[in-house]
Amino acid sequence: MINSSLMRALIILPVLTYMSACSYLPFMGEDEEKVEITLREPAELSAIDAQIILAEVWNSSLSTEDNTSTRLFTHALQDKLVFASVNGNVRAVSSQDGRTIWTVDLQDILSGGVGGNNNIAVVGSRNGVVTALQPSDGSILWSLALGLEISAVAHTQDDTIVVRTNNNQIVTLAADTAAKRWTASQQSPALTLRGGSVPITLDGVVYAGMDNGKLVAISLATGTTLWESRVSVPSGRSELERLVDVDGQIVVTDTLVYAASYHGRVVAIDRTNGRTVWARDISSIQGLTLDQDLVYVTDRDDHIWALERESGITIWRQDKFEYRAVSAPMQLADYILIGDFEGYVHALSKQDGTIIGRKKVTSGTVHSAGTATSSQVHVIQQGGQLAAIAVQ
């Protein structure tokens, strides 16, 4: 049982889902508690009729001893990709061939980023330090202690850096000086998943998924909340059952915001007023992506769904990856790519979800890096490796 005195706790779930039998999962907070969770056996991979060949174009690896589920993303910076490892190493590589341009060691435990704007790369640490790096050589432009663990840093196109902390706050900083501009807060539940969705800025508005199951729209200029929309309502008898974090990647279009929550729903929300256009009872921690017609989402059982963008109607569902700790879907041409806990990248047909390609790229968990080009997608491999995957 969860101690009622536990005011703030973080749990780590995704990378544990491939274990079998029963295990004890520690909570982090003022008190250390353990909850018994049944973890399911992952589906075995079966032979496929490969129709395409996936290739690893290049790979850049940072030395790290991290074995946690912390997900750090990649930031596109001019002609570079900047990525990081949890143990504080940050590297810039050529987006064309993966050639190392610079590497720095911040000597801190990183928990958020890499984000920033077109001119700087920004990371955040578990100790609450936000650090901005120069694109040319990785030298530190500024460093600011916020005192709260940083769970995400947005990718922006303007002079404001947007940071999400682990206590349900959005903090904005001046990109050139680190001067704090405003802070917006949401009530925090007693128990949350470690990490947070990356906020998105568009047309002067910050869109962010929060740990209390809400999606919020905030004025970038003033920090005023424009609207709040409930993605999921907490339910259940225990705090574990009531987890509703919006931790996966959200997508913003000209008219709608798409989001998903744990123990909750996938929703399409009107950008102008926060009204729910459609909702589906699909729980997800990884998040989603979309193309002109469909929304693609990985659910908590590692099934991949394709939903119609305008209505949410199911077009297809792929269930062959059950409990394989599958990544968020990634788009590459006419295919959807996903990574799993055994280091495979799989290609699915956008038309019907058929598995049409597979490539072993590492021995650990593969996540979406959050960046791509017209011919490549980038994946983060557990242990601080960035790789570019293409179709031959």
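Residues numbered from 1 in each chain as written. Predicted model: local features only at pLDDT ≥ 70, side-chain atom pairs only at ≥ 80, totals over all residues. Heavy atoms only, no water.

Caption draft 1: The arrangement of the overall build of the protein chain in detail. Assigned secondary structure in the protein chain consists of zero helices and 36 strands. Here the protein chain holds 392 residues, and the buried ones make up 59% of them. Restricting to contacts in the protein chain with at least 6 residues of sequence separation, those with at least 24 account for 47%. (Helix = DSSP H or I, 4+ residues; strand = E, 2+ residues; numbered from the N terminus. Buried < 20%, exposed > 50% of the residue type's maximum accessible area, 1.4 Å probe, protein only. Contact = heavy atoms within 4.5 Å.)

Caption draft 2: Main features of the pattern of salt bridges. Summed over the entire model, instances satisfying the criterion amount to eight salt bridges. Of the charged contacts, one joins K80 and D79 as a salt bridge, the two residues approaching to 3.3 Å between their closest N and O atoms. By relative accessible area, D79 is classed as partly exposed at 49%. Measuring nitrogen to oxygen at the nearest pair gives 2.9 Å for the salt bridge that ties R324 to D340. Linking R324 in the loop between β29 (314-318) and β30 (330-332) with D340 in the loop between β31 (335-339) and β32 (344-349), this pair joins segments that are 16 residues apart in sequence. In terms of burial, R324 and D340 fall into one category: buried. When salt bridges that share partners are traced, they join R324, D340 and E342 into one network. (Salt bridge = Lys/Arg side-chain N within 4 Å of Asp/Glu carboxyl O.)

Caption draft 3: How the structure looks around the environment of T371. In this structure, T371 sits in strand β34 (residues 366-372). T371 sits in the buried class, given a relative accessible area of 14%. Residues in contact with T371, not counting those within four places in the same chain, are T74, A76, L81, V377 and H378. A distance of 2.8 Å separates a polar atom in the side chain of T371 from a polar atom in the side chain of H378. (Polar contact = N/O pair within 3.5 Å; in protein donor to acceptor, adjacent residues only side chain to side chain.)

Caption draft 4: Layout of the environment of Q78. Structurally, the position occupied by Q78 is in the loop between β5 (75-77) and β6 (80-84). Since its relative accessible area comes to 53%, Q78 is described here as exposed. Remark: the alpha-carbon pair of Q78 and N118, spanning 40 residues in sequence, is separated by 6.4 Å. If near-sequence neighbours (up to four positions away) are discounted, Q78 is found in contact with N118, N119 and P135. Of the polar contacts made by the side chain of Q78, one reaches the backbone oxygen of N118; its length is 3.4 Å.

Caption draft 5: Unusual backbone geometry, seen in detail. The peptide bond linking G113 to V114 adopts the cis configuration, its omega dihedral lying at 5°. Following the sequence through the fold, V114 ends up in strand β9 (residues 110-116). Residue Q78 is not a glycine yet carries a positive backbone phi of 55°. If you check the backbone angles, D302 has positive phi at about 70° while not being a glycine. Take D302: it is sitting in the loop between β27 (294-298) and β28 (304-308). Take D302: its relative accessible area is 5%, and that puts it in the buried class.

Caption draft 6: Structural context of the layout of surface pockets. Roughly 750 Å³ of internal volume is contained in the largest pocket. Taken together, 25 residues line the largest pocket, and the ones lying closest to its centre are H155, I200, Q249, I250 and G370. Elements that contribute at least two residues to the lining of the largest pocket include exactly β18 (200-202), β22 (251-252), β26 (288-290), β30, β34 and β35 (377-381). A per-element tally of the lining of the largest pocket places β34 first, with five residues. Tallied by class, the residues present in the lining of the largest pocket amount to 15 nonpolar, 10 polar and no charged. (1 Å grid on protein atoms, 1.4 Å probe; cavity = no way out; pocket = protein on both sides within 12 Å on 5 of 7 lines; lining within 4 Å. Points joined across faces, edges and corners; volume = space filled by probe spheres on them. Nonpolar A, V, L, I, M, F, W, Y, C, P; charged D, E, K, R; others polar.)

Caption draft 7: Spotlight on the pairing of strand β25 (residues 276-280). Where strand β24 (residues 266-270) meets β25, four bridges bridge the pair, whose relative direction is antiparallel. Counterpart to V267 in the pairing with β25 is A279. Between β24 and β25, which pair antiparallel and follow one another directly, the connecting turn spans five residues, one of which, G274, has a positive phi of 80°. (Pairing = 2+ DSSP bridges.)

Caption draft 8: Representation of the sheet that holds strand β21 (residues 225-230) in the model. Ordered by their spatial adjacency, four strands build an open sheet running β18-β19-β20-β21, and the pairing between neighbours is antiparallel. Single-partner strands in this sheet number two, and they are β18 and β21. Strand after strand, the sheet turns through a mean of 15° between neighbouring axes, direction not considered. Pairing analysis gives three bridges linking β18 to strand β19 (residues 205-209), with the strands arranged antiparallel. Across the sheet, residue I200 finds its bridge partner in β19, namely Y207. (Axes fitted to C-alpha atoms, helices over the stretch in contact; angles between N-to-C directions.)

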